[in-house]
Structures are given as structure tokens and as C-alpha cells.
Amino acid sequence: MFAKAFRVKSNTAIKGSDRRKLRADVTAAFPTLGTDQASELIPGKEELNVVKLYAHKGDAVTVYMSGGNPILFELEKNLYPTVYTLWSYPDLLPAFTTWPLVLDKLVGGADLMLPGVVVPPTGLPEVQQGDLCAIALVGNRAPVAIGVAAMSTAQMLASGLKGKGFSVLHTYQDHLWKSGDKSSPPAIAPLAVNPTDSNEEKVDLSLQGNLSCLTLEGEEENRKVHHPEASEDTSSGAQSQDCVDGKPLQEQMDELLHQCFLHALKSRVKKADLPLLTSTLLGSHMFSCCPKGQQLDIKKSSYKKLSKFLQHMQQEQIVQIKELSKGVESIVAVDWRHPRITSFVIPEPSLTSQTVQEGSREQPYHPPDIKSLYCVPANMTQLFQESGHKKGNALEGSEVRRIIIDYAKKNNLVDADNRNLVKLDPILCDCILEKNEQHVVMKLPWDCLLTRCLQNMQPAYQVTFPGQEPILKKGKLCPIDITLAQKACNKKVTVVRNLETYGLDPCSVAAALQLRCQASTIVSPAPGAKDSLQVQIQGNQIHHLGQLLLEEYRLPGKYIQGLEKAPKPGKK
């Protein structure tokens, strides 16, 4: 409704009687909002304005503004909260979740289709057709849109999550949001769920790597993963999701956990590595020993936590665990002669399973080829025009050097007495000299001349992903930025930005980190950056993040900033 600019008809302060009526209407429209909360939303004395406007399609809308932000809007005598209000009261409406990459479509005026809806571990909220609902993104409960349900929850499930889910009325980043202070959604952690109910959540996260091919119309395979009962194969849909190949999923995860543990001790961990942080054992060694096509998830095992599993291993006298610093456990000894280690046979990868995986999994990530380029600025066009280049043309550094050298030789600017020096003609003077250097600096060494030319050109870069056309972007290349932030109660979080520049999906990175670190992750819009997301991981996880980016994704270290902040051995 507010995807395009609207026309304001009037903007007036609300009357006392209208203020009281509005508060009563809010209480009636939103029963979950208590009297005190309604009074906070519609304050008794603070400034409250009534804005009457016409949306771009001609709808007459009344907007209520408080503290410079739109808090409510009224359409055809129905009240609707804005995202600003929902950020203060995230549980005001039943909330559905979608992928971060869908947000751009919603902001552009699209409705939310059911294939784009993520099913949480607790199931979809119970709503009826026509109910007002909030829409949030995976990893953050702060709503980013509101819409009207196109069908009931029962109908959604019966349809197999196909068709239109919600008619979207208002979104974060639309023109109604822009009439406020344009703040970003706060980070609101997802509601805690029983660890035993987290299976579906992990399935959801594993799908995030396929976001690049997810559209609002959705895909059949996405529907089958979330709702196997809706598949045409009713016999497989009726099969319990807690049982695979006739064996309980928890039992399978226990076996995988033991296998990865023993594999790591037998082939990766050396005596020189001790003492070894238990988190490093998991993130750097056990995950690497997980067979292709499988994911090690301790929360799905009977142990639930790594510490509990290692306690059992200590009771079997395989390892010895000590708390070398407060709250941080390390493995201080390993009995490599223990029968369970000596008898363990490192499994060979199955050719059949590899073939199946190659056909079903997403394409592996390959880092892009990145070239630093230099664009010809207006004041240097004369220098480059003889070589056929115009203002704005992008050149590699080697090409710039060749052009400068050819220009100097062609115009006889190389000093006859000292060939390491270049005489500056009027064109070179205008290109590289400061005002106070004019008529003072007459010659420059080759390296100084070339360096100044490159410095005075406009930076750019070219990104080429495998199998795709090169993408030229002007400006400096921003590295992947890793920072540590201090949250409430002195808790640290790791924040990583600029992943999209390198073709990395933030949601996929968050899912990988959640499994590696066994820590919660949040994907949210990056402050101050348009159309960019950031990943936030609980704790100092820079060590694991570095391994993921450098070893698994094989990104060159020069494109990553902040790895030096990783915790030192023995520290958290």
C-alpha cells in the first residue's frame, strides 16, 4: 500500500476527546495489549498528530504520528499498527517468518506467497482468513511487515503451502516507514524452544543456502522439506520424521557424534595440541570428520550439549577434561591406547552416497576472482585519450603503468642525463601535482610518477563469479568486516558484514556457524548499509569464522578484516 509515495491532505494535532477514543479503539482492536501498554502507545499529554493522506492507488488513509514516528494507520475504519509499534510490542499480532531475501520483494509491493513462509519448530500460528498478522525474518522476531491472511492456518497446511499467504499492507523501508525516523529493526531473539523440538528449525536453516533460487512463487522441493505430508507420495509423508531408515534420529546422531569424536582423536588431534579447548575440538576437528552429506548436531543427540558428551567420554577414561580458566573447559590428556580409539576404523567415503549428494545438494561455493581497477577521472582524460580511453573507463594497474610509460617515451619526457627521471609536461603537471608544486617540481622518478597517477585515479573493482559475466563496481572494495560487540550482562557477540560482495549468502553463513559454534545466530539488516545483511553470533567466534572463510570457502585473507581479534588459546 505504501510501496510508492503518498499525498498528504492534512496534518493536525489530535484533540483530547479523539485521543481518548483512539486509546479505546486500540484496546478493542488489539486485546493482547493491556491498559498500561495502550496508555504508553497513546500517551495522555505527549504530542500526537493525525495525518490524512491518499495512497498511490487512491485509498484514503489516516495515520497517527507520535514522537515523529507513525504508530498506527486507519483504513476503512480498521486500525493497523506500523512496524515502529510492532518493534515495541512484537507479540501484538500472530507472527509468521520468511527469509531475509524476500523482504526486497515485499518492500516493492509484492504479497507474501506461502512457499516463502518458514515453518518454526512450534508450527504455524493459528489464524483465520482475514486476520491481521505480522511478518518477521529468520533469526529476528522484530516484524518487518504486516499483512492480512489470505486463508486460515488449516487451509495453508491443506494447500501444502502453495498460493498467496498474505496481502501485505505495510513494510519496513516503505514510504510510511520513511515518514518516521527511518530506524532499523531491533534485534529480538527468537523465542526459546525445547531442544528436542529443534529438528525442524535446523532443517529450515539448512535450506537457507538455496535462497538464491527461492522466489515468492516458491518451489515444490521447499514445500516438501517443510511439509512432507503434503507430498504426492502419501506413504513417505506418513513416515515419522523422528525415524530414518527404521532407526530413531537421536540414535543416529549419537552414533555420528561418537564416530566424529573418535575419528578426530585418531587422525587429527596430536599430543602437541594439548591442552585443547573443547570448543576447538568440536569446531576445528569433529566437524571436519563428519561424512559428506551429513550434519553433526549435538542438540539432536541424547547428550544435547558437548560438555555432557565429554563427561561421558571422561568417565570411559578416553580423555581428561579440566577447567583451565573460569567457565572454559579444555582437554588436557588423551589415552590414545584406549581400545575404543585403537579399534576405531576411519570410514572411507561412500562413492554411492557422494554421487547422490552431488545431484541433490547446492553447488559448492567458489570464491570470485577480484581485480582492482582504476577509473579515468575528468582531469586526467588528456593523458589517456591518446591510448583511446575516455573519462570513466576502468583500467588495471598494469595497463595504467604501460600507458604512462608509453606517453612519456612518445613525448620524449625521459631525462637524457638520468633515465630514472621523467620530465613533467603541462598535461602531467595538471594530472598529478598539487597547486603549491606547480612550477616547482619539474621532474619525478618513475615509481613516484606511477604511484601518483594511480592515487589520483578513481578506485574501482571487478568481481567475476564462476560461470558468470564480470561485474564492475566503482569505489573501494570493502573487505568482509568482523567485529566484536559488547551486549548486556557483558556478553560478547561476533558481527560479520559485507558477505554479499563476495557472493556469500548471510543466511547460509549463519547456518554454518550455528552448527560449528553451537551458538545462536541472528541475521538482520546491516546498519547504515542499503540492501545488506549482517550476521551476529553469540560469543567470540572469530576463530571459527576465520576457519569457515579461509579454509572452507577459500577466501584470500586480504579480503577479511578483523581476524586478529580471535580469542587467544585458553581464553574465551
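Just above sits the structure.
This is a predicted model, so every value here is computed, not measured.

Draft legend 1. Examining the side chain of aspartate 254 more closely. Position of aspartate 254 among the secondary structure elements: in helix 10 (residues 249-267). For the buried residue aspartate 254, which engages in no salt bridge, the nearest side chain bearing the opposite charge is lysine 304, 7.8 Å off. Excluding anything up to four places from it in sequence, aspartate 254 contacts Ser301, Ser302 and Tyr303.

Draft legend 2. Representation of the environment of glutamine 294. Topologically, glutamine 294 is positioned in the loop between helix 11 (278-286) and helix 12 (306-315). By relative accessible area, glutamine 294 is classed as partly exposed at 43%. Spatially, the C-alpha atom of glutamine 294 lies 8.8 Å from that of leucine 256, the residues being 38 residues apart in sequence.

Draft legend 3. Molecular detail of the pairing of strand 10 (residues 140-149). In terms of burial, strand 10 is largely enclosed, as eight of its 10 residues are buried. Sheet analysis places strand 9 (residues 132-137) next to strand 10, joined by five bridges and oriented antiparallel. Across the sheet, the residue bridging to alanine 134 is isoleucine 146, located in strand 10. What sits between strand 9 and strand 10 in their antiparallel hairpin is a turn of two residues, with glycine 139 showing a positive phi close to 90 degrees. Examined bridge by bridge, strand 10 and strand 11 (residues 164-171) share five bridges and lie antiparallel to one another.

Draft legend 4. Looking closely at helix 1 (residues 16-29). With 14 residues, helix 1 extends 20 Å between its outermost C-alpha atoms, agreeing within 8% with the 20 Å of an ideal straight helix rising 1.5 Å per residue. Among the residues of helix 1, those classed as buried are Arg19, Leu22 and Val26. Taken around the axis of helix 1, the buried residues stretch over an arc of 60 degrees, which confines them to a single face. Structural note: helix 1 exposes Arg20, Lys21 and Ala28 on the side pointing more than 90 degrees away from its buried face. In this structure, the buried side of helix 1 is in contact with helix 2 (35-41), strand 2 (48-54), strand 3 (60-66), strand 4 (69-75) and strand 5 (78-81).

Draft legend 5. Representation of helix 12 in the model. Restricting attention to buried positions, one finds in helix 12 the residues Leu306, Phe309, Leu310 and Met313. Across the axial projection of helix 12, the buried residues extend over an arc of 95 degrees, all falling on one side. Of the surrounding elements, those touching the buried residues of helix 12 are helix 10, helix 11, strand 15 (319-325) and helix 13 (339-342). Looking one or two residues past helix 12, glutamine 317 carries a phi angle of roughly 65 degrees, positive in sign.

About the criteria used
- Residues numbered from 1 in each chain as written.
- Predicted model: local features only at pLDDT ≥ 70, side-chain atom pairs only at ≥ 80, totals over all residues.
- Heavy atoms only, no water.
- Helix = DSSP H or I, 4+ residues; strand = E, 2+ residues; numbered from the N terminus.
- Buried < 20%, exposed > 50% of the residue type's maximum accessible area, 1.4 Å probe, protein only.
- Lys, Arg positive; Asp, Glu negative; His and termini not counted.
- Salt bridge = Lys/Arg side-chain N within 4 Å of Asp/Glu carboxyl O.
- Contact = heavy atoms within 4.5 Å.
- Pairing = 2+ DSSP bridges.
- Expected span 1.5 Å × (residues − 1).
- Arc of directions from axis to C-beta.

From the geometry alone we can't say anything about function, so treat these as descriptive.
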